[in-house]
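Fold and geometry: a report
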Amino acid sequence: MKKRKGFHGWLAALLFISIVASGCGNASEGKDGTASPGAGGGDGKKVEILLGYYSSDSSDTKMKELIEQFEKLHPNIKVKTQSAPYGQFYQKLDTQIAAGQAPDVWLSDGVYVMKYAQRGAAKDLTDWIESDLKADEYYGLDFNKDADGRYWGVPQGIQVGVLFYNKDMFDKAGVDYPSDEWTWEDLKASAAKLTVDASGKTAEDSGFDAASVNQFGLTFFSITEGWFSVMKSYGGGVLDEKAENSIVNSPENKQAFEWMVDGMQRGIITDPVDLKSFQSNTAVFPSGSAAMRIGIYARVQAANEAGLNYDVTMLPKGPDGKRVSPVIANSWVINQKSNDEKAKAAWEWIKYWATEDDVQKQWTELGEAVPVKKSVAQSEVFLKAGEKPANRQAFLDSLEFAQTLDNNAVWEEWVGKFNENAERAFLGDATIDQALNDADAAVQSVLNDFYKK
């Protein structure tokens with residue numbers, strides 16, 4: 001790993017970054033029989049930590065309940081909180097990190113964990129994780145591991161991509177529901193039959209108007225719920241294994257882009273202009289305007305609130321049989337600048353969250369994420385959490401071939417540059433070759449600015 005940037009790195013980053021434990025007592029035994037970090041010592045000394053997290057009304061209430069339960073089990077630890085809606089929380093957090101005033105432990109969006117690690121803001125948790133957590137009991141621990149094998153966070157909840165489909169639309173069109181054996185070409189063939197223009201013609205009919213689509217076969221946008229899984233399953237991608245060099249300009253990516261651009265030009269897949277007619281990019285499927293979508297677990301809430309008759313299945317396979325789901329492991333990280341007492345107390349909070357089944361069950365009931373602990377995720381608490389979707393097992397099965405989003409210290413910046421150029425291809429403003437070539441150069445320039453200096 002390159003030398004980490006500290007205070008000045010954060011000030012520079014703020015110019016262009018925008019928001020696009022087990023139980024009872026202060027020292028428990030780790031899995032190897034050694035004493036885990038503990039907190040507060042044996043002299044009854046009180047330790048106060050600041051815990052930061054992004055929140056909604058429902059999650060804020062539950063988080064405060066869990067903190068109260070934690071404090072009862074750990075009377076020597078007092079937890080103060082700092083919370084705000086997603087965008088506001090991360091804007092303030094970046095400013096606090098730059099000023100050396102960040103919380104002792106905070107909830108990181110999974111795509112930002114490596115940013116905090118590589119900029120020197122997050123504490124290396126490798127020793128504590130290996131001592132206190134049994135890796136095979138959890139989903140997603142390795143999603144926070146860097147190229148050198150070090151762990152920088154512990155998952156709080158997992159978002160993994162699957163294929164959502166509207167059963168009523170499939171039934172009306174007489175199209176078979178998606179199967180686990182689908183390829184992306186199979187998806188497109190079925191999506192054409194499910195794409196309907198203003199006159200009622202499908203994308204397979206003569207005279208179909210791709211400029212006046214009322215019902216799309218597939219709604220598609222962004223890295224997480226759009227192009228990432230297509231590119232990866234075609235054998236392509238954006239960054240190399242160390243996430244320090246661009247690999248955008250490849251034959252595999254060109255093939256994936258040909259699939260995507262063809263679908264958009266034919267009106268089967270929503271393009272960037274189509275999405276502007278909706279309240280948000282995420283609104284197309286729950287509004288009943290698309291038969292399918294690539295979606296993370298959090299999209300279950302909107303689909304259920306809309307009363308859709310839907311289900312989910314695994315994402316399609318690429319031409320060589322490769323299947324890839326995008327995954328985001330939102331995670332707890334500890335402030336590198338917190339003193340030993342506060343850091344150990346923060347670790348007690350993380351252990352409490354990760355190891356206690358009851359904590360995991362309470363959080364699962366909110367319906368926001370796939371549980372981290374396998375014993376809870378594989379139980380009826382998650383799998384039978386609601387009538388829809390019936391196939392919640394698809395989320396767990398998808399974790400077997402899930403990949404993080406090429407996360408690194410400048411993730412937001414390179415994603416922005418990639419999207420700018422991808423959109424040119426999607427809208428026909430540039431050829432696929434030109435868009436990939438320009439994206440490759442733009443992404444590499446961002447990477448060089450951080451990793452080569």
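Residues numbered from 1 in each chain as written. Predicted model: local features only at pLDDT ≥ 70, side-chain atom pairs only at ≥ 80, totals over all residues. Heavy atoms only, no water.

Under an unreviewed UniProt entry, the protein has the name ABC transporter substrate-binding protein and belongs to Paenibacillus solani.

**Quick notes on the overall build of the protein**
On a plain count of helices and strands, the protein comes out with 18 helices and eleven strands. Its C-alpha atoms give the protein principal-axis dimensions of roughly 80 × 50 × 35 Å. Looking at the protein residue by residue over its 453 residues, the buried ones come to 57%. Carbon and sulfur atoms provide 44% of the accessible area of the protein, an area that totals close to 18300 Å². Of the charged side chains in the protein, 48 are positive and 66 negative; the average position of the first set lies 5 Å away from that of the second. (Helix = DSSP H or I, 4+ residues; strand = E, 2+ residues; numbered from the N terminus. Buried < 20%, exposed > 50% of the residue type's maximum accessible area, 1.4 Å probe, protein only. Areas by Shrake-Rupley, 256 points an atom, 1.4 Å probe, with all protein chains shown as cover. Lys, Arg positive; Asp, Glu negative; His and termini not counted. Charge placed at Lys NZ, Arg CZ, Asp CG, Glu CD.)

**Considering the sheet that holds strand β8 (residues 292-295)**
Pairing is antiparallel in the open sheet, where three strands are placed in the order β8-β5-β9. Edge strands, defined here as strands with exactly one partner in the open sheet, are β8 and β9 (310-313). Strand-to-strand twist in this sheet, taken as the mean axis angle between neighbours without regard to direction, amounts to 25 degrees. In terms of strand pairing, strand β5 (residues 162-166) meets β9 through four bridges, oriented antiparallel. Opposite L163, over in β9, you have T313 as the bridge partner. (Pairing = 2+ DSSP bridges. Axes fitted to C-alpha atoms, helices over the stretch in contact; angles between N-to-C directions.)

**A look at the pattern of salt bridges**
Under the defined criterion, the tally for this structure stands at 21 salt bridges. The partner of D357 in a salt bridge is K373, with the nearest N and O atoms 2.7 Å apart. One end of the pair, D357, is in helix α13 (residues 357-364); the other, K373, is in the loop between α13 and α14 (374-377), with 16 residues separating them in the sequence. According to the relative accessible area criterion, D357 is partly exposed, its value standing at 27%. The partner of E387 in a salt bridge is K388, and the shortest N-O contact between them spans 3.6 Å. Accessibility expressed as a relative area gives 69% for E387, which makes it exposed. Salt bridges sharing partners connect three or more residues here, namely D132, E348 and K351. (Salt bridge = Lys/Arg side-chain N within 4 Å of Asp/Glu carboxyl O.)

**Brief notes about the side chain of T202**
Here T202 lies in the loop between β6 (196-197) and β7 (213-215). Taking relative accessible area as the criterion, T202 reaches 16% and is therefore assigned buried. In this structure T202 touches A192, K193, T195, V196 and F208, once residues within four positions along its chain are discounted. (Contact = heavy atoms within 4.5 Å.)

**Topic: the nonpolar core**
Formed by 141 residues in total, the largest nonpolar core has its most connected members in W349, W414 and F418. Summarising the domain contributions, this core has at least three residues from each of domain 1 (47-160 + 328-396) and domain 2 (164-327). Apart from residues lying up to four places away in sequence, F418 is in contact with W227, M231, V238, V248, F257, A439 and V443. (Core = buried A, V, L, I, M, F, W, Y, C linked by side-chain atoms within 4.5 Å. Domains from an automatic or database assignment.)

**Considering the domain arrangement of the protein**
Under the domain assignment, the protein is made up of domain 1 (47-160 + 328-396) and domain 2 (164-327). Taking only C-alpha atoms, the centre of domain 1 and the centre of domain 2 are 31 Å apart. The partner domain 2 presents 20 residues to the 20 residues of domain 1 that form the contact. For the pairing of domain 1 and domain 2, the buried interface totals around 1600 Å² over both sides, and the portion due to carbon and sulfur atoms is 64%. Its largest share of buried area at the contact with domain 2, domain 1 owes to V160, I328 and K388, together 31% of the area lost on that side. Viewed at the interface, domain 2 and domain 1 are joined by zero salt bridges. Here domain 1 and domain 2 share eight residue pairs in polar contact (both at pLDDT 80 or more) between them. For the side of domain 1 that touches domain 2, the secondary-structure elements that each account for two or more residues are β4 (154-160), β10 (325-334) and α16 (393-398). Tallying contributions element by element places β4 first for the side of domain 1 that touches domain 2, with three residues. (Buried area = accessible area lost by both parts, 1.4 Å probe. Polar contact = N/O pair within 3.5 Å; in protein donor to acceptor, adjacent residues only side chain to side chain.)

**Re unusual backbone geometry**
With omega at -5 degrees, the peptide bond leading from K388 into P389 counts as cis. For A243, which is not glycine, the phi torsion reads 60 degrees and is therefore positive. The phi dihedral of D406 falls on the positive side, at around 50 degrees, and the residue is not glycine. Inspection of the secondary structure assignment puts D406 in the loop between β11 (402-403) and α17 (411-426).

**Let's talk about the packing of helix α9 (residues 251-265) against α17**
In contact at an axis separation of 9 Å, α9 and α17 are set at 55 degrees when each is read in the N-to-C sense. On the basis of their axis angle, the class for α9 and α17 is oblique. Packed against α9, whose contacting residues are F257, M260, V261 and M264, the element α17 presents F418, A422, A425 and F426 at the interface. Taken together, the residues of the contact of α9 with α17 sort by class into eight nonpolar, no polar and no charged. (Parallel < 35°, antiparallel > 145°, perpendicular 65-115°, else oblique. Nonpolar A, V, L, I, M, F, W, Y, C, P; charged D, E, K, R; others polar.)

**Observations concerning helix α12 (residues 340-355)**
If you check α12, its first and last C-alpha atoms are 22 Å apart, about what 16 residues at 1.5 Å a residue would give, namely 22 Å. Along α12, twelve of the 16 residues are buried, which leaves the element largely enclosed by surrounding structure. By the burial criterion, the buried members of α12 are A343, A345, A346, W347, E348, W349, I350, K351, Y352, W353, A354 and T355. The residue sitting at the N-terminus of α12 and contributing the capping side-chain oxygen is N339; that oxygen lies 3.2 Å from the backbone nitrogen of E341. (Expected span 1.5 Å × (residues − 1).)

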